[in-house]
Structure formats: structure tokens, C-alpha cells
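Coordinates in review
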Amino acid sequence: MKKYLLSGALVLAISVSFAFRPDEVHLKGVIEDSTCANSKSQMTPKDSRVACVKKCLKSGATAVLVVGDKIYKIANQKAVLKYAGEDVSVDGTVSGDTIQVTKVTAEKS
């Protein structure tokens, strides 16, 4: 009887752990810096935006993903730094307002 009870508890524990996994997502947005991401004005042309974001990142800001009005903190900064200021597609897992990036691809303008 104890063997069946232990097996049942183990199956239940594994099932619960899968139920609370972070959601995997595919998002399209812009890699911006945390300093300017809250600004409602968009920088144009794109070259100015890229230069500005890179400058802010070098000054200590962190990279964030902006999707519409939503700003996601990026858990693994190194994965996105080369896309600073670029339009991107991002795959990853979201937990709260933070995304753990698994794949980044530049969007063609």
C-alpha cells in the first residue's frame, strides 16, 4: 500500500511542476534601452535609434524588449545586445514582466 501511495504522490508532484512552467512565447518588437523605453516618441530614422540605444546601453542602461505598450525586461542580456535598436522577433519564456530569450532574429524592414 505504501508503494502505491508513494508512486501516486510522485506522479502528482511531477504533474504540478509541469502546470506551473513559464509560458513560451513568440513576440515581435524592438530592442531598446531601459532609460528611453518609456518614452512615447519613436526615434526616426532607424539609424538614429540604433545609435542612441547602443550609447545608452554602454552608459549602463539595460536592454528591454518593447512590444506595443508592453516593456519586457530581458533576463539574459547578452542574447540581445547585437540587436540594439533593431526590430526583432524573439522566442522565449515569460515570467511576470521578464523574458528569458531563447532565440532572436532581426525583422526585415
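Structural notes, computed from the coordinates. Bear in mind the structure is a predicted one, so any value in this text is a computation, not a measurement.

The pairing of strands in a sheet happens through backbone hydrogen bonds and is either parallel or antiparallel. In spatial order, the strands read β1-β2-β3-β5-β4; together these 5 strands close into a barrel with mixed pairing. Neighbour-to-neighbour, the strand axes of this sheet turn through a mean angle of 50°, independent of strand direction. Examined bridge by bridge, strand β1 (residues 23-33) and strand β2 (residues 63-67) share 4 bridges and lie antiparallel to one another. Each residue of the ladder has a partner; that of isoleucine 31, found in β2, is leucine 65. Helix α2 (residues 46-58) rests against β1, β2 and β4 (87-95) of the sheet, and its axis sits at about 95° to β1.

For the rest of this paragraph, the subject is α2. In a regular helix each residue adds 1.5 Å, so 13 residues correspond to 18 Å; α2 covers 18 Å between its end C-alpha atoms and thus fits that length. Considered for burial, the residues of α2 that qualify are Arg49, Val50, Val53, Cys56 and Leu57. Down the axis, α2 shows its buried residues gathered within 135° of arc, on one side only. Turned more than 90 degrees away from the buried face of α2, the exposed residues are Asp47, Lys55 and Lys58.

Okay, the packing of aromatic side chains next. Within this structure, the stated rule accounts for 0 aromatic pairs. In this structure, lysine 70 is placed above the aromatic ring of tyrosine 72, and the distance from its NZ or CZ to the ring centre is 5.1 Å.

What follows deals with the pattern of salt bridges. Scanning all chains against the criterion turns up 3 salt bridges. Where glutamate 107 meets lysine 28, a salt bridge forms, and the shortest distance between an N and an O atom there is 3.9 Å. On the criterion of sequence distance, the pair formed by glutamate 107 in the segment after β5 (98-106) and lysine 28 in strand β1 is long-range, its members being 79 residues apart. Classification of glutamate 107 as partly exposed rests on a relative accessible area of 28%. Owing to a relative accessible area of 53%, lysine 28 belongs among the exposed residues under this scheme. A salt bridge links lysine 73 to aspartate 97, with the nearest nitrogen and oxygen atoms 3.7 Å apart. With lysine 73 in strand β3 (residues 70-74) and aspartate 97 in the loop between β4 and β5, this pair connects stretches of sequence that are 24 residues apart.

The rules behind the values
- Residues numbered from 1 in each chain as written.
- Predicted model: local features only at pLDDT ≥ 70, side-chain atom pairs only at ≥ 80, totals over all residues.
- Heavy atoms only, no water.
- Pairing = 2+ DSSP bridges.
- Helix = DSSP H or I, 4+ residues; strand = E, 2+ residues; numbered from the N terminus.
- Axes fitted to C-alpha atoms, helices over the stretch in contact; angles between N-to-C directions.
- Contact = heavy atoms within 4.5 Å.
- Expected span 1.5 Å × (residues − 1).
- Buried < 20%, exposed > 50% of the residue type's maximum accessible area, 1.4 Å probe, protein only.
- Arc of directions from axis to C-beta.
- Phe/Tyr/Trp six-rings, centres within 6.5 Å; stacked < 30°, edge-to-face > 60°.
- Lys NZ or Arg CZ within 6 Å of the ring centre and 35° of its normal.
- Salt bridge = Lys/Arg side-chain N within 4 Å of Asp/Glu carboxyl O.

That is the geometry; function is a separate question.
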